[in-house]
Amino acid sequence: MTTPLCIMLVAAEASGDGRGAELMAALKAHLGPGGVRFVGLGGERMTAEGLASPFDMSELSILGLVEGLMAYRRVIRRADEMAALARREKPDVAILIDSWGFTIRLAQRLKAQTPDLPVIKYVAPQVWAYRAGRAAVLARHVDHLLSIHTFDAPYFEKLGLPVTFVGNSTLGLDFSGAQPEALRRRLGIGPTEPVLLVLPGSRASEIQRVLPPFEEAVALLKAARPNLQVILPVASTVADQVKARVAGWPHRVHVVEGEADRYAAMKAATVALACSGTVTTELALAGTPMVVGYRLAPLTYAILQLLIRTDYVTLFNIAAQAFVAPELIQGDCVGPKLARELALRLDDPELRATQVAAQNQALTKMGRGGPDPSEAAALAVLKILGRGAA
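Note that the coordinates shown come from a computational prediction; the quantities given were computed from them, not determined experimentally.

Asker: An account of the overall build of the chain is requested, with residue identities and associated values reported.
Answerer: Along the chain, the regular secondary structure elements total 17 helices and 12 strands. Its C-alpha atoms give the chain principal-axis dimensions of roughly 65 × 45 × 40 Å. Buried positions account for 53% of the 390 residues belonging to the chain. Across the chain, every contact between residues at least 6 apart in sequence was considered, and the portion connecting residues at least 24 apart equals 69%. Summed over all atoms, the accessible surface of the chain reaches about 16800 Å², with 53% contributed by carbon and sulfur.

Asker: Give me the pattern of salt bridges: which residues, what numbers.
Answerer: Counted by the stated rule, this structure contains 16 salt bridges. Note that Glu-49 is salt-bridged to Lys-28, the shortest N-O span being 2.7 Å. Separated by 21 residues along the polypeptide, Glu-49 in the loop between helix H2 (44–48) and helix H3 (65–70) and Lys-28 in helix H1 (residues 14–31) bring together distant segments of the chain. The exposure class of Glu-49 is partly exposed, given its relative accessible area of 26%. Note that Arg-262 is salt-bridged to Glu-282, the shortest N-O span being 2.4 Å.

Asker: Tell me about the packing of helix H11 (residues 259–268) against helix H12 (residues 278–286), and name the residues and values.
Answerer: Put simply, H11 and H12 touch, their axes get as near as 9 Å, and they point 60° apart. When the axis of H11 is compared with that of H12, the two are oblique. You can see that H11 and H12 cross each other, and the crossing is right-handed. Residue-level contacts link Arg-262, Tyr-263, Met-266 and Lys-267 of H11 to Val-279, Glu-282, Leu-283 and Ala-286 of H12. Residue composition of the contact of H11 with H12, by class: five nonpolar, no polar and three charged.

Asker: Go over the sheet that holds strand S11 (residues 290–294) with me, naming the residues and quoting the values.
Answerer: Strand order across the open sheet formed by six strands is S9-S8-S7-S10-S11-S12, with parallel pairing between neighbours. In the strand order of this sheet, the two ends are held by strand S9 (254–256) and strand S12 (327–329), each with one partner. The sheet shows a mean angle of 20° between the axes of neighbouring strands, taken without regard to direction. One ladder, built from three bridges, connects S11 with S12; its direction is parallel. Within S12, the position partnered with Tyr-294 by the bridge is Ile-329.

Asker: Quick rundown of the pairing of strand S5 (residues 144–147)? Include the residues and the values.
Answerer: Note on strand geometry: in a regular strand, side chains alternate between the two faces of the sheet. Burial of S5 is two-sided: the residues His-144 and Leu-146 facing one way and the residues Leu-145 and Ser-147 facing the other way are all buried. Relative to S5, strand S4 (residues 119–122) runs parallel, the two being bridged by three bridges. Paired with Tyr-122 across the bridge in S5 is Leu-146. Taking the sense of rotation as the criterion, the β-α-β connection linking S4, helix H6 (residues 134–141) and S5 turns out right-handed.

Asker: Please set out H11 residue by residue, giving values where relevant.
Answerer: Among the residues of H11, Asp-261, Tyr-263, Ala-264, Ala-265, Met-266 and Ala-268 are the ones counted as buried. Those residues of H11 that are buried lie in contact with helix H8 (180–187), strand S7 (195–199), strand S8 (229–233), S9 and H12.

Asker: Please set out H12 residue by residue, giving values where relevant.
Answerer: Counting buried positions along H12 gives eight out of nine residues, so the element sits mostly inside the fold. Taken together, the buried positions of H12 are Val-279, Thr-280, Thr-281, Glu-282, Leu-283, Ala-284, Leu-285 and Ala-286. Of the surrounding secondary structure, the elements contacted by the buried residues of H12 are S7, H11, strand S10 (271–275), S11, helix H14 (315–320) and helix H16 (349–366). Downstream of H12 by a residue or two, Gly-287 has a phi angle that is positive, lying close to 80°.

Asker: Describe the packing of aromatic side chains, naming the residues involved and giving the relevant values.
Answerer: Summed over all chains, the structure comprises two aromatic pairs. We note Arg-78 situated over the ring of Phe-55; from NZ or CZ to the ring centre the distance is 4.0 Å.

Asker: Give a description of the side chain of Thr-103 that names residues and reports values.
Answerer: The topology assignment puts Thr-103 in helix H5 (residues 100–113). Residue class for Thr-103 comes out buried when judged on its relative accessible area of 1%. A distance of 2.9 Å separates a polar atom in the side chain of Thr-103 from the backbone oxygen of Ser-99. The residues touching Thr-103, leaving out its near neighbours within four places in the chain, are Leu-96, Ile-97, Asp-98 and Lys-121.

Asker: Tell me about the environment of Asn-360, and please be specific about residues and values.
Answerer: Inspection of the secondary structure assignment puts Asn-360 in helix H16. According to the relative accessible area criterion, Asn-360 is partly exposed, its value standing at 26%. Note: C-alpha distance between Asn-360 and Gly-287 (73 residues apart in sequence) is 7.8 Å. Those residues within four positions of Asn-360 in sequence are excluded, and the remaining contacts are Ala-284 and Arg-368.

Asker: Pulling in residues and values, what's your account of the sheet that holds strand S6 (residues 163–165)?
Answerer: Consider a sheet: its strands pair through backbone hydrogen bonds, and that pairing is either parallel or antiparallel. Pairing within the open sheet is parallel, and its six strands lie in the order S2-S1-S3-S4-S5-S6. Pairing within the sheet leaves two strands with one partner each, and these edge strands are strand S2 (36–41) and S6. Averaged over all neighbouring strand pairs, the angle between strand axes comes to 20°, with direction disregarded. Judged from the four bridges that link them, strand S3 (residues 93–97) and S4 form a sheet pairing that is parallel. Across the sheet, the residue bridging to Leu-96 is Lys-121, located in S4.

Asker: Could you give an account of the environment of Leu-41, with specific residues and numbers?
Answerer: Inspection of the secondary structure assignment puts Leu-41 in strand S2. When residues no more than four places from it in sequence are discounted, the contact partners of Leu-41 are Leu-9, Val-10, Ala-11, Met-46, Leu-51, Ser-53, Pro-54, Phe-55, Met-57, Leu-60, Met-82 and Phe-102.

About the criteria used
- Residues numbered from 1 in each chain as written.
- Predicted model: local features only at pLDDT ≥ 70, side-chain atom pairs only at ≥ 80, totals over all residues.
- Heavy atoms only, no water.
- Helix = DSSP H or I, 4+ residues; strand = E, 2+ residues; numbered from the N terminus.
- Buried < 20%, exposed > 50% of the residue type's maximum accessible area, 1.4 Å probe, protein only.
- Contact = heavy atoms within 4.5 Å.
- Areas by Shrake-Rupley, 256 points an atom, 1.4 Å probe, with all protein chains shown as cover.
- Salt bridge = Lys/Arg side-chain N within 4 Å of Asp/Glu carboxyl O.
- Axes fitted to C-alpha atoms, helices over the stretch in contact; angles between N-to-C directions.
- Parallel < 35°, antiparallel > 145°, perpendicular 65-115°, else oblique.
- Left-handed = near helix turned anticlockwise from the far one by under 90°.
- Nonpolar A, V, L, I, M, F, W, Y, C, P; charged D, E, K, R; others polar.
- Pairing = 2+ DSSP bridges.
- Right-handed = clockwise from strand over helix to strand, strands pointing away.
- Phe/Tyr/Trp six-rings, centres within 6.5 Å; stacked < 30°, edge-to-face > 60°.
- Lys NZ or Arg CZ within 6 Å of the ring centre and 35° of its normal.
- Polar contact = N/O pair within 3.5 Å; in protein donor to acceptor, adjacent residues only side chain to side chain.

So this is what it looks like as structure tokens:
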């Protein structure tokens, strides 16, 4: 009887949890019942696939240089705990998903204690945008990189790190099962009423910095458009924080939870106000025009301004090399400016259609329609382990 593979998977934020869950499902499909067991860290979706996490991954959903420094001791402690878990469970491979600050420290510990353990990084640091030195750091501490962007490989292969392009799993998101009309009916929203979708992020720091200007923009729009309906899908990692804040809003907002309602809301929306991140690609796939807003800690932003090498923060804007969706960052991420851009799109169906068409073109450049990324990642993992051919 073949001993089941033990695979360590580590994710520390919502997007990584999704990628991890999809990879787990693909590996189970290849290895069959009893052919694999999983250890590590993840969120709700990885838990549903059979992973038992030793602590809540939201502790490590950290963004920003200043925030990272403040959380340094916690990150180190949790990295030590995950390394100890690996010593106990003796995995055949460790797959570390995104979340640079935490996963690179864990990679260092894993290779120090078990040099022959294959360590795979899933999603590369964005060295083409900033902090190019991370490529060399990664090459020293992992054995293989699974990349989601076609332009990643040269930065790492020149340093001797093997790279397999697997594609971006977000691009395979299927909205065919979304039910926007049913969601509208359930929330009491008429079929022709305009809907503003508000997506303030999935990290506590994002809610703290991004939600206040988003709230101000919504208030301005509601004052001018009383019939505007507002839907706010809330991520499980920040649900209590968001609900507490939204409870004080003077106007009605429909707070929804869960993946099905989130996707239905994306399809139901007339326009979206979104925090920068994976959600912008999801909205583009849903065919929803959007305005992107973001804020970082002032010191973090000042440092990044010295390091960053791209004019854009939204992936499909980077692919298009144009502001397909407007980006209002830092000092521009204020209520009146956000409201102005949203109002233009709420009032102009032609502008919305033009933006959606441009978003679709950018998605094609990003690789929409390619092979299933989770299947490609699973095959790459199995090849590394000598269990198949990728």
